Amino acid sequence: SGEQQAYTADELRQALERLGYSNVKVQKKLFSFKGGVPQQEIVSFIRLSADLLKQNLSYDEILTLLQEDITNKRLRDTVKQIQSDLKEGKEGQEVYGKHENVFGRFASYMLSVASTSGNMAQVFASTADFMERDATFKKNLRRALLMPVITLLAVVGVIIFYVGYIFPETAEMFLDFNIQLPPMTEATLDLSYWLQQWWWAITLIHLIPVAGLILASRTKNGRIWLDRQLIRIPVMGDLMHKTSIEIFARVFYTLYSGSGQNVDVMRVAAEACRNKYIEKQINQKAIRMMLDDGAGLVEALEATDVFPTSALSRFRLGAESGTLKENARQLADYYKMQTTYRMDSVVDMINLGINMVIMIVLIAITVVSSESALIQPDSGDGF
């Protein structure tokens, strides 16, 4: 018994049988925590490899050099394994495929393609560009959505705590002495009673949709439906849609080498675009039209109903002029600049909106508290 890393269970079983073992049983390890690898470390490894390849160093020399400077133990061990497998003459898909949990599925595929391509440096550089862009978009998306959502939840929590617990303790003191409450104070107290009575229903109304979306996102059809709705959201949906098209165009530019490879390139680019609905439309409509009906690239992309007019016009121009690869790169760069500028504007607008909400909440709490403080007892109330 023992532990051995391999690309597939069959590969390991065959290797053990060649060593003379019989009745071999191979099963995947259930828990295998080896430490994470930060994405920045992976991007740095790929970027440095691309730069050194441009200086005409052999890939074996590059791996030897980079091993000395990699600080992450898991990535260092992975690079050593890659170097060893390449020296044994293994195919790129086998070499990098076993390390999908380190590099990610897309990066592993791209690196395996690079090992057999005629321009290894360009594929490495394009992969690094994609990963850097992907990390930047996720960071901006968190900045645009995550912190505002947390801030709003905190504000809502403060309001519920104040209205549901703190305010009734004060307002009910006046009711004990039969003091007539001012309108805003009375309305706030009624809201407090309503929250105390129906808190469970309010909680379920908010939790059930969230739980449903989480469960749906874990199924194939649910994820496709959810991704379709995401690109329909005003403002943010358009940004996510164009970012997916940008990634598609960038991967298409990286892998495209001639009209005969359109289908394979489109399939990989669709998988990389991070939107299951767009991927489904490309695979089931565009690629099927090209294979079954002999449709052209632009006609097939137009049938998917997921490509903006500007993207289709750029692909059409490239197909007509014979510069499809270059036009795909230009489209990716254009959408990158557009989404970056718009994302900054959206972040500023969301922050302004959050500040306005906080200001309104503070004003409302201050007004209600001031109204309560100004309540005067009648002369016959026994004070």
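Residues numbered from 1 in each chain as written. Predicted model: local features only at pLDDT ≥ 70, side-chain atom pairs only at ≥ 80, totals over all residues. Heavy atoms only, no water.

Novice: Hey, could you run me through the environment of Ala-270 in this one?
Specialist: Structurally, Ala-270 is set in helix α12 (residues 262-272). Separated by 111 residues in sequence, Ala-270 and Ile-159 have C-alpha atoms that sit 45 Å apart. In this structure, Ala-270 is in contact with Phe-248, Glu-279, Ile-282 and Asn-283, ignoring residues within four places of it in sequence. (Helix = DSSP H or I, 4+ residues; strand = E, 2+ residues; numbered from the N terminus. Contact = heavy atoms within 4.5 Å.)

Novice: Is there a simple way to explain the environment of His-241 in this structure?
Specialist: Locating His-241 in the fold gives a position in helix α11 (residues 236-255). A residue is classified by how much of its surface remains accessible, and His-241, at 14% relative accessible area, is buried. In this structure the C-alpha to C-alpha distance between His-241 and Phe-252, which are 11 residues apart in sequence, comes to 17 Å. Sequence-distant contacts of His-241, that is, excluding residues within four places in its chain, are made with Ile-231, Ile-278, Val-306 and Pro-308. (Buried < 20%, exposed > 50% of the residue type's maximum accessible area, 1.4 Å probe, protein only.)

Novice: For this particular structure, what's the right way to read the packing of aromatic side chains?
Specialist: A ring pair, where both rings are aromatic, is described by two values, the distance of the centres and the angle of the planes. One pass over the full model with this rule turns up 11 aromatic pairs. On the numbers, 5.6 Å between centres and 65° between planes, the contact of Tyr-59 with Phe-124 is edge-to-face. Of this pair, Tyr-59 sits in helix α3 (residues 59-69) while Phe-124 is found in helix α8 (residues 120-176), placing the two residues 65 residues apart along the sequence. Given a relative accessible area of 0%, Phe-124 falls into the buried group. Relative to Phe-315, the ring of Phe-248 lies with its centre 6.3 Å away and its plane at 70°, an arrangement referred to as edge-to-face. Highlighted residues: Phe-248 in helix α11 and Phe-315 in helix α15 (residues 309-321), separated in sequence by 67 residues. Phe-315 gets classed as buried once you look at its relative accessible area, which sits at 1%. Through pairs of rings, three or more aromatic residues link up here, namely Phe-248, Phe-252, Tyr-256, Phe-307 and Phe-315. Its guanidinium or amino end placed over the ring of Tyr-253, Lys-325 lies 4.7 Å from that ring's centre, counting from NZ or CZ. (Phe/Tyr/Trp six-rings, centres within 6.5 Å; stacked < 30°, edge-to-face > 60°. Lys NZ or Arg CZ within 6 Å of the ring centre and 35° of its normal.)

Novice: Quick question: what am I supposed to make of the packing of α3 against helix α4 (residues 73-87) here?
Specialist: A pair of packed helices is captured by two measures, namely the crossing angle of their axes and the spacing between those axes. Their axes nearest at 10 Å, the elements α3 and α4 cross at an angle of 160°. Between α3 and α4, the interaxial angle falls into the category roughly antiparallel. In terms of crossing hand, the pair formed by α3 and α4 is left-handed. Where α3 approaches α4, its residues Tyr-59, Asp-60, Leu-63, Thr-64 and Gln-67 are matched on the opposing element by Arg-76, Val-79, Lys-80, Ile-82, Gln-83, Leu-86 and Lys-87. In terms of residue class, the contact of α3 with α4 is built from 5 nonpolar, 3 polar and 4 charged. (Axes fitted to C-alpha atoms, helices over the stretch in contact; angles between N-to-C directions. Parallel < 35°, antiparallel > 145°, perpendicular 65-115°, else oblique. Left-handed = near helix turned anticlockwise from the far one by under 90°. Nonpolar A, V, L, I, M, F, W, Y, C, P; charged D, E, K, R; others polar.)

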